[in-house]
Amino acid sequence: MRLARIGDAGVEKPVVVDDDGTYRDLSGITADIDGAFLAGGGLDRVRAALGGGGGTLPRLDVPGGTRRGAPLTGIGKVICIGQNYARHAAESGAEPPSEPIVFMKAADTVVGPDDDVLIPKASVKTDYEIELAVVIGRTARYLDSPADAAAHIAGYAVSNDVSEREFQLERLGQWDKGKNCETFNPLGPWLVTPDDLDVPALRLRSWVNGEARQNEVAADMIFGVPHLVWYVSQFMVLYPGDVINTGTPAGVAMGLPGQPYLRAGDVMELEIEGLGRQRQRLQAHTVH
């Protein structure tokens, strides 16, 4: 099941997308797709309404070019996992971590999957990172084991953990300065429920200006999704609507010859099989 939010920023309409690409309006079920919707059995209500080929959910005519928002709003927190693919750790000059590296990204960095990404003022090392995002659907605290994680996952989405490497690695302190710049977390286009998803087999790909950069399967994570949800729950409470970015594969600009960091006018494209595709254009930040 693929849920999405379409329309101008701040007035997105919640929808579900059929297998044939038909959009169906969820406004009669929920005002929006957020933590309260997930915690309150919203996904089950949508499944019930879809019974019989769509049931009572009205079809929507969505013109081409309609903006796609992030598939989730009201996000409480975005938890990120660093260096969670062995080849990416190596290209970063690090040994594979013995425990997950956890850092935070502000929820206000989240934008739609095709929204422009702003290069920060004075940035020369803005980088892309395709990641599998896990959306929490049920409160998780001190889970007993990774086997308990599945019951707390609402679904998955494509995430771009955009980073500024100078701010992150050369300006002292923690990574936050390079991770929390405006527009630095495009998310979506869909929130895809776990039904029939073979998560380890999902392939993550990214391109810059049409040139392939990243190409890896989620099975190459050092710490898989169940372990990450369990692990993070030992340090903080995970609430419905929280998001975990699970790390990026090798192929980021920082690890490539010549370090081809992003510039204004560049176009990023990112795709995870079964979860959809993003496209963002880089723009110079105009300070107001």
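Notes on the structure follow. Everything numeric here is computed off the predicted structure, so don't read it as measured data. In every chain, residue numbers begin from 1 and rise along the written sequence. Totals for whole chains, interfaces and linings use every residue, but because this is a predicted model, local features are given only for residues with pLDDT of at least 70 and side-chain atom pairs only at 80 or more, for both listing and counting. For side-chain calculations, the full set of non-hydrogen atoms in the structure is used, while hydrogens and water are omitted.

**Concerning the side chain of Glu129**
Only DSSP runs of H or I covering at least 4 residues are called helices, and only runs of E covering at least 2 are called strands; the numbering of each starts at the N terminus. The topology assignment puts Glu129 in the loop between β10 (126–127) and β11 (130–136). Only protein chains enter the area calculation, which uses a 1.4 Å probe; residues under 20% of their type maximum are buried, those over 50% are exposed, and those in between are partly exposed. Residue classification places Glu129 among the buried positions, given a relative accessible area of 4%. Here the side chain of Glu129 touches Ser163 through a polar contact of 3.1 Å, side chain to side chain. In this description, contact between two residues means that some pair of their heavy atoms is separated by no more than 4.5 Å. Those residues in contact with Glu129 that sit more than four places away from it in its chain are Ser159, Asn160, Asp161, Ser163, Arg165, Lys179, Gln214, Thr248, Val252 and Leu270. The term polar contact refers here to a pair of N or O atoms within 3.5 Å; inside protein, the definition further demands a hydrogen-donor-capable atom paired with an acceptor-capable atom, and it admits residues adjacent in sequence only when both atoms are side-chain atoms.

**Structural notes on the pairing of strand β16 (residues 203–208)**
A pair of strands is treated as paired once DSSP finds two or more bridges between them. In the sheet, β16 pairs with strand β17 (residues 211–217) via six bridges, with the strands oriented antiparallel. Residue pairing for β17: Val208 is matched across the bridge by Glu211. The loop that links β16 with its antiparallel partner β17 comprises two residues; one of these, Asn209, has a positive phi angle of about 50°. Bridge count for β16 against strand β19 (residues 267–272) is five bridges, and the pairing is antiparallel. Along β19, the bridge assignment pairs Val208 with Met268.

**A short note on the sheet that holds strand β20 (residues 276–284)**
Strand order in the open sheet formed by five strands is β9-β20-β19-β16-β17, with mixed pairing between adjacent strands. In the strand order of this sheet, the two ends are held by β9 (117–119) and β17, each with one partner. Put simply, the sheet's adjacent strands are angled 20° from each other on average, direction ignored. Of the pairings in the sheet, the one linking β9 to β20 comprises three bridges and is parallel in character. Bridging across to β20, Val117 finds its partner in Leu282. Working convention: axes come from line fits to C-alpha atoms, limited for helices to the stretch in contact. Angles between N-to-C directions cover 0 to 180 degrees.

**Here we look at the packing of aromatic side chains**
By convention, a stacked pair of Phe, Tyr or Trp rings (six-membered ring in the case of Trp) has centres within 6.5 Å and planes under 30 degrees apart, an edge-to-face pair has planes over 60 apart, and any other such pair is tilted. If you walk through the whole model with that rule in mind, you get three aromatic pairs. Aromatic pair Phe103 and Trp175: ring centres 5.2 Å apart, planes at 65°, arrangement edge-to-face. Of this pair, Phe103 sits in strand β7 (residues 101–105) while Trp175 sits in the loop between α4 (165–170) and β14 (185–186), and the two are 72 residues apart along the sequence. An angle of 50° between the planes, with centres 4.9 Å apart, marks the rings of Tyr231 and Phe235 as tilted. In this analysis the charged atom, NZ for Lys or CZ for Arg, is taken to sit over a ring once it is within 6 Å of the ring centre and within 35 degrees of the ring normal. Here the guanidinium or amino end of Arg2 rests over the ring plane of Trp190, the centre of that ring lying 4.3 Å away.

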